[in-house]
Amino acid sequence: MGYLVGTTRLPDIHVGSEFHIRRAAEVGSLDVGLQRDADTRRLEHKMKVEVKNLSAWFRDEKEFTGPWYKAFRFRRPRAEKEKQVLHNISVEFEQGEILGIIGPSGSGKSTLIRCINRLHELAPGARVEGEVFFDGQNIYGKGVDPVDTRRQIGMVFQKANPFPNMTVLGNVVAGPKLNGLVKGKDAQYKMAKSVLEEVGLWSEVKDGLKRPGGGLSGGQQQRLCVARALANKPKMLLMDEPCSALDPKSTAIMEGLIIDLAKVRGYGIAIVTHNMGQAKRIADNILFVEDGRVIEYNTKYNIFNGNAKEQRTRDFVEGKFG
Ligand SMILES: Nc1ncnc2c1ncn2[C@@H]1O[C@H](COP(=O)(O)OP(=O)(O)O)[C@@H](O)[C@H]1O
Ligand SMILES: [Mg+2]
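Since we're looking at a predicted model, the values are computed, not measured. (Residues numbered from 1 in each chain as written. Chains lettered and ligands numbered in written order. Predicted model: local features only at pLDDT ≥ 70, side-chain atom pairs only at ≥ 80, totals over all residues.)

J.: What's the story with the overall build of the protein in this structure? I'm lost.
T.: Along the backbone of the protein there are 14 helices and 12 strands. Within the span of the protein, comprising 322 residues, buried residues form 42% of the whole. Relative to all contacts within the protein whose residues are 6 or more apart in sequence, the contacts with residues 24 or more apart total 73%. (Helix = DSSP H or I, 4+ residues; strand = E, 2+ residues; numbered from the N terminus. Buried ≥ 20, exposed ≤ 12 C-beta atoms within 10 Å, placed from the backbone. Contact = placed C-beta atoms within 7 Å.)

Next up, the structure:
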């Protein structure tokens, strides 16, 4: 039994990174309409993330600059004590879809995706207003466990960050072990094998599961981090410039993997990227943000075929600024 992508039937089990390079070439070349529907037709219910009028603040760094400011702090109004970095953002993506988030650096892209799985609030004094619905439930609503949200909406960071001093296997099973989802060595091995296969890493690491995760190549480490996120059985994945530290071949593998995860495995993915070629290759829709505001939210097709609504967007994707 395999999955149907376009007219090509592909095997269930990945045999390694070559698979993902092929997948990128196959799926990436389909037109936008086909790509959108490729395989998520199999999902009876597509879960969706809907960001509605989201704003976010950081505590102003001035707060920390010494006793003089500490004394002064009490007399400053709240608006001066914090810095707003996101203004009324609305956007959505669903299972099977890849949302590309682009914009100049410092525009709030990382903050935005960190708000989608409640990581933003971990910065001291940081806060959020607005709503983020995941499968119809506001993740900022009463009684929602942020740890649970972070499990269901996984995150992969710019710099591959396998847990230091942990083996390849240890990295993958760390989350589920902590949550008591897998008990016993056999179950852990089975689970690790299945997610490492899912990211195309199994054939490369199966003989070195007990070696430190940090000993893998950069591209392998990043796929290990994807595997670690997948081990928590998320429905959606957030990726913050996951390829920006990788060489071209590792980038191609990651792009194939990302397409595969969305189009075949049915994850919903929001990826921040500063690589316009990458956004063009893998995204379905594009969100362009600048200074914490949405400048344009449109299909990849419109954005990269000269049909962007805003001149600012056209300038940005053509490399005229940012
Ligand atoms: N921990 C923090 N404390 C205060 N300000 C921050 C913090 N992290 C980021 N910022 C500020 O928030 C804004 C948005 O940052 P960020 O979301 O990282 O942008 P991007 O990912 O688009 O480069 C920037 O002005 C940045 O300086
Ligand atoms: Mg960033």
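J.: Any chance you could explain the pairing of strand β11 (residues 285-290) here in plain terms?
T.: Looking along a regular strand, one sees side chains alternate from face to face of the sheet. Counting buried residues along β11, six of its six residues qualify, which places the element largely inside the surrounding structure. Across the two faces of β11 the burial is the same, with Asn285, Leu287 and Val289 and Ile286, Phe288 and Glu290 all buried. Examined bridge by bridge, strand β5 (residues 98-102) and β11 share four bridges and lie parallel to one another. By the bridge assignment, isoleucine 102 is partnered in β11 with phenylalanine 288. Count of turn residues in the β11/strand β12 (residues 293-299) antiparallel hairpin: two residues, of which aspartate 291 carries a positive phi of about 50°. (Pairing = 2+ DSSP bridges.)

J.: Can you walk me through the site of ligand 1 in this structure?
T.: Among the 12 residues in the neighbourhood of ligand 1, the closest are listed as Phe58, Val85, Lys109, Ser110 and Thr111. In terms of residues, the shell around ligand 1 owes the most to one element, helix α5 (residues 109-116), which gives three residues. Here the shell around ligand 1 is composed, by residue class, of three nonpolar, seven polar and two charged. (Near = placed C-beta within 6 Å. Nonpolar A, V, L, I, M, F, W, Y, C, P; charged D, E, K, R; others polar.)

J.: Looking at this structure, I do not really get the sheet that holds strand β7 (residues 137-138). What am I missing?
T.: Within a sheet, each strand pairs with its neighbour through backbone hydrogen bonds, oriented either parallel or antiparallel. Ordered in space as β4-β3-β6-β7, the four strands form an open sheet in which the pairing is antiparallel. Every interior strand has two partners, whereas the edge strands, β4 (82-94) and β7, have only one. With nine bridges connecting them, strand β3 (residues 48-59) and β4 associate as antiparallel partners. Its bridge partner being in β4, alanine 56 is matched across the sheet by leucine 86.

J.: Any chance you could explain helix α8 (residues 185-198) here in plain terms?
T.: The α-helix winds at 3.6 residues per turn, so residues separated by three or four positions along the chain end up facing the same way. With 14 residues, α8 extends 20 Å from end C-alpha to end C-alpha; this agrees with the ideal 20 Å at 1.5 Å per step. Every buried residue of α8 is listed here: Met191, Ala192, Val195, Leu196 and Glu198. Projected down its long axis, α8 carries its buried residues within an arc of 150°, all on one side. Exposed positions of α8 whose direction lies more than 90 degrees from the buried face are Asp186 and Lys190. The positive-phi residue at the C-terminal boundary of α8 is glycine 200, with phi of around 70°. (Expected span 1.5 Å × (residues − 1). Arc of directions from axis to C-beta.)

J.: Whenever I open this one, unusual backbone geometry confuses me. Can you help?
T.: The general pattern is negative phi for most residues beyond glycine and trans for most peptide bonds. A positive phi is found at asparagine 165, a non-glycine position, where the angle reads about 65°. Summarising the element assignment, asparagine 165 is placed in the loop between β8 (153-156) and α7 (168-178). Positive phi values are uncommon outside glycine, yet glutamate 241 reaches one of about 45°. Summarising the element assignment, glutamate 241 is placed in the loop between β9 (236-240) and α11 (248-263). For glutamate 241, a count of 20 C-beta atoms within 10 Å corresponds to the buried category.

J.: Even after reading the chapter, I still don't get the environment of valine 289, so can you show me in this structure?
T.: Relative to the helices and strands, valine 289 is located in strand β11. Considered as a pair, valine 289 and lysine 109 are 180 residues apart in the sequence and their alpha carbons are 7.2 Å apart. Discounting residues that sit within four places of it in the chain, valine 289 has contacts with Ile101, Gly103, Ser107, Gly108, Lys109, Leu112, Val294 and Ile295.

J.: Would you mind showing me how to read the nonpolar core here?
T.: In a soluble, globular protein the nonpolar side chains are often hidden away together inside. Grouped together as the largest cluster of nonpolar side chains are 73 residues, with contacts concentrated most on Ile101, Ala227, Ile258 and Ile269. Among the elements that make up this core, the one with the highest residue count is α11 (eight residues). Discounting residues that sit within four places of it in the chain, alanine 227 has contacts with Val172, Val195, Leu196, Val199 and Leu201. (Core = buried A, V, L, I, M, F, W, Y, C linked by C-beta atoms within 7 Å.)

J.: Sorry if this is basic, but what is going on with the confidence of the model for the protein here?
T.: Close reading of the predicted structure is inappropriate where its pLDDT is low. When pLDDT is averaged along the protein, the result is 86; 80% of the residues meet or exceed 70. Of the regions scoring below 50 in pLDDT, residues 28-38 engages in 18 contacts with residues more than four places distant in sequence or in other chains. (pLDDT = per-residue confidence, 0-100.)

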